[in-house]
Amino acid sequence: MGNLLKVLTCTDLEQEPNFFLDFENAQPTDGEREVWEQVDLVLKDARSILDELQAYKGAGQEIREAIQNPNDEALQEASWAAVVPLVGKLKKFYEFSLRLEAALHSLLGALTNETYDDPTQHLEREQALAKQFAEILHFTLRFDELKAEGENEVNNELANRISLFYADATPMLKTLSDGTTKFVSENKNLPIENTTDCLSTMASVCKVMLETPEYRSRFTSEETVSFCLRVMVGVIILYDYVHPVGAFSKSSKIDMKGCIKVLRDQPPNSVEGLLNALRYTTKHLNDESTNKTIKSMLQQQ
């Protein structure tokens, strides 16, 4: 691609992929277009979902007043009028998570197939799909940061599933983690390394771009830096769920110390939510096999 910047050297120790993944301008090739167009429909709705969640206002006050004054019909009606639209929003968010999971499966299928020899070639040559994968991860972490707690009562199976969805501290991230695990289990003919290597390569690409001045200077907006940080954390979490021993083991292909250092090098308080995501939403951080230095780096305030 015209916007692709290659580097001739690569560190011997980590063999990190060293190329510029154009998160701002990547456009689909003819080979990417079919999957890209399917996923693009979902991502267009993702923007409005975030806008709705940011504007989300709970009905806690109305509910409390109705409970405290059970005989006041006006308060009961006000509470009901406040709750019904919110239930609709929660249902909409939940149903969107199912569409997001389907989009994730489409992208993983395209980025882990045998078209190219390794994940670096996939991400380098299918940058528009890699960008969409990154946008899904960015949306997921942003949604969970904004998530509001809500009470809802709907008497059917869907309501129970919605309740389970919102009961999780990071519901969208859980959807993606479960979705990635499901993708691996449903594609037994595909080596698990195809998926884990895709995730670890994406994490490494983000880390390298963030810590390399020549790459970082190509970002036209500081928002791309935040985007890149979220994507890096998102793929680490997915890798930790899918890989048998996780992201923190010695055999992990992710340079966790380097990734944490990149996060620590950002302005104070700007990445605390992302550090918390690594602390509290990963699967293997507290395993005995986890390097003590990594644990210490994450525990620092």
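Parameters and conventions
Residues numbered from 1 in each chain as written. Predicted model: local features only at pLDDT ≥ 70, side-chain atom pairs only at ≥ 80, totals over all residues. Heavy atoms only, no water. UniProt positions renumbered as here; feature names shortened; annotations may be inferred. Helix = DSSP H or I, 4+ residues; strand = E, 2+ residues; numbered from the N terminus. Buried < 20%, exposed > 50% of the residue type's maximum accessible area, 1.4 Å probe, protein only. Contact = heavy atoms within 4.5 Å. Areas by Shrake-Rupley, 256 points an atom, 1.4 Å probe, with all protein chains shown as cover. Salt bridge = Lys/Arg side-chain N within 4 Å of Asp/Glu carboxyl O. Phe/Tyr/Trp six-rings, centres within 6.5 Å; stacked < 30°, edge-to-face > 60°. 1 Å grid on protein atoms, 1.4 Å probe; cavity = no way out; pocket = protein on both sides within 12 Å on 5 of 7 lines; lining within 4 Å. Points joined across faces, edges and corners; volume = space filled by probe spheres on them. Nonpolar A, V, L, I, M, F, W, Y, C, P; charged D, E, K, R; others polar.

The protein chain is annotated in an unreviewed UniProt entry as CYRIA/CYRIB Rac1 binding domain-containing protein of Esox lucius. As recorded by UniProt, the Sequence similarities (unreviewed entry) comment attached to the protein chain reads in full: "Belongs to the CYRI family." Database annotation for the protein chain, UniProt heading Subcellular location (unreviewed entry): "Membrane".

A. Just the overall build of the protein chain, in detail. Secondary structure summary: the protein chain contains 13 helices and zero strands in total. Counting from the amino terminus, helix and strand elements in the protein chain follow one another as α-α-α-α-α-α-α-α-α-α-α-α-α. Across the 301 residues that make up the protein chain, the buried fraction comes to 49%. Pairs at least 24 apart in sequence give 75% of the contacts found in the protein chain among residues at least 6 apart. Carbon and sulfur atoms make up 49% of the accessible area of the protein chain, which amounts to about 15,400 Å² in all.

B. The arrangement of the pattern of salt bridges in detail. In total, this model carries 12 salt bridges according to the counting rule given. Here Arg-142 and Glu-145 are joined by a salt bridge, their closest N and O atoms 3.0 Å apart. With Arg-142 and Glu-145 both in helix α5 (residues 127-146) and three residues apart, this pair spans about one turn of that helix. Overall, Arg-142 belongs to the partly exposed group, its relative accessible area being 24%.

C. Layout of the packing of aromatic side chains. Going through the model one piece at a time under the given rule, you end up with six aromatic pairs. Relative to Phe-143, the ring of Phe-93 has its centre 5.8 Å away and its plane inclined at 90 degrees; by these criteria the two rings are edge-to-face. One end of the pair, Phe-93, is in helix α3 (residues 73-111); the other, Phe-143, is in helix α5, and 50 residues separate them in sequence. The pair formed by Phe-93 and Phe-143 is uniform in burial state, with each residue classed as buried. Feature note: the residues Phe-93, Phe-96, Phe-139 and Phe-143 constitute an aromatic cluster, connected by ring pairs.

D. Structural context of the layout of surface pockets. Its volume calculated, the largest pocket comes out at about 440 Å³. As for the largest pocket, its lining consists of 15 residues, of which Arg-47, Glu-135, His-138, Glu-223 and Phe-227 are closest to the centre. For the lining of the largest pocket, the secondary-structure elements that each account for two or more residues are α1 (33-54), α5 and α10 (222-242). Residue contributions to the lining of the largest pocket peak at five residues, all from α10. Residue classes in the lining of the largest pocket are distributed as six nonpolar, four polar and five charged.

E. Looking closely at the environment of Ser-177. Structurally, the position occupied by Ser-177 is in helix α7 (residues 171-186). According to the relative accessible area criterion, Ser-177 is buried, its value standing at 2%. For the pair formed by Ser-177 and Val-242, sequence separation is 65 residues and the distance between their alpha carbons is 7.7 Å. Contacts of Ser-177, omitting those with residues within four sequence positions, involve Ile-237, Leu-238 and Tyr-241.

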